[in-house]
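What the coordinates show
These are the residues of each chain, in order.
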Amino acid sequence: MRASVLEQTGMDYVTTARAKGQTERRIMTGHVLRNALLPIVTMRRSGRQSDRRSIVVETVFGWPGIGTLAFNALQSRDLNLLLAIFFMSACLDRDHQLARRRDLRHARPAHGD
């Protein structure tokens, strides 16, 4: 958190806010802390959103899988691997949703039924 705050205080938008005459308290709460919390909140949410069931099944049966890979990437803070896993999961989920809509569209009963 500290490193994130220090990184944000050197950004151009903080300098602009100071030039506009905003108070340090307003700059810290409205700009710096708001943007510094983004990586921390993202890490917490990604940890919660990972499918715990798949991790348990993979652990119990000793199967190497995407759940364990995501969990290990989260623990080691490998953000590139996590991003790739979430991107591929989103693509597969979207493909699944589109296929389901297509199946439901073709499975409609006739008007006479």
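Residues numbered from 1 in each chain as written. Predicted model: local features only at pLDDT ≥ 70, side-chain atom pairs only at ≥ 80, totals over all residues. Heavy atoms only, no water.

**Regarding the overall build of the protein chain**
- Helices and strands together make up the secondary structure of the protein chain, namely six helices and zero strands.
- Each helix and strand of the protein chain, ordered N terminal to C terminal, gives the series α-α-α-α-α-α.
- Across the 113 residues of the protein chain, 19% fall into the buried class.
- Relative to all contacts within the protein chain whose residues are 6 or more apart in sequence, the contacts with residues 24 or more apart total 36%. (Helix = DSSP H or I, 4+ residues; strand = E, 2+ residues; numbered from the N terminus. Buried < 20%, exposed > 50% of the residue type's maximum accessible area, 1.4 Å probe, protein only. Contact = heavy atoms within 4.5 Å.)

**Looking at the nonpolar core**
- In terms of nonpolar packing, the biggest core is built from six residues, these being Val5, Val14, Ala17, Ile27, Val32 and Ala36.
- Those elements giving two or more residues to this core turn out to be helix H2 (12-19) and helix H3 (24-49).
- Take this core: its biggest share by element is three residues, from H3. (Core = buried A, V, L, I, M, F, W, Y, C linked by side-chain atoms within 4.5 Å.)

**A closer look at the side chain of Ser4**
- Relative to the elements of secondary structure, Ser4 occurs in helix H1 (residues 2-9).
- Non-local contacts of Ser4, meaning those with residues more than four positions away in its chain, are made with Ala36 and Pro39.

**Some words on unusual backbone geometry**
- In the Ramachandran plot, Arg77 falls in the positive-phi region, its phi being about 55° despite a non-glycine side chain.
- Here Arg77 shows up in the loop between helix H5 (66-75) and helix H6 (79-106).
- Residue class for Arg77 comes out exposed when judged on its relative accessible area of 61%.

**Section: the pattern of salt bridges**
- As enumerated under the stated definition, the model contains one salt bridge in all.
- With a shortest N-O distance of 2.8 Å, Glu24 and Arg18 are connected by a salt bridge.
- Looking at Arg18, the relative accessible area reads 39%, which means it is partly exposed. (Salt bridge = Lys/Arg side-chain N within 4 Å of Asp/Glu carboxyl O.)

**Looking at H5**
- Where H5 is concerned, the buried positions are Gly67, Ala70, Ala73 and Leu74. Take H5 and look down its axis: the buried residues cluster within an arc of 130°, on one side only.
- Positive phi shows up at Arg77, right after H5, with a value of about 55°. (Arc of directions from axis to C-beta.)

**Here's the deal with the confidence of the model for the protein chain**
- In the predicted model, the protein chain carries a mean pLDDT of 77, and 73% of its residues have values of at least 70.
- Mean pLDDT across the elements of the protein chain bottoms out in helix H4 (residues 52-61) (66) and peaks in H2 (92). (pLDDT = per-residue confidence, 0-100.)

**A few points about the environment of Ala3**
- With respect to the element layout, Ala3 can be found in helix H1.
- The exposure class assigned to Ala3 is exposed, which follows from its relative accessible area of 57%.

**A few points about a nonpolar patch on the surface**
- On the surface, Met1, Leu37 and Ile40 cluster together into a nonpolar patch covering about 230 Å² of accessible area.
- Looking at the secondary structure, you find Ile40 in helix H3.
- The class for Ile40 is partly exposed, based on a relative accessible area of 31%. (Patch = residues over 30% accessible without salt bridge, like charges linked within 9 Å, V, L, I, M, F, W, Y side chains within 5 Å. Areas by Shrake-Rupley, 256 points an atom, 1.4 Å probe, with all protein chains shown as cover.)

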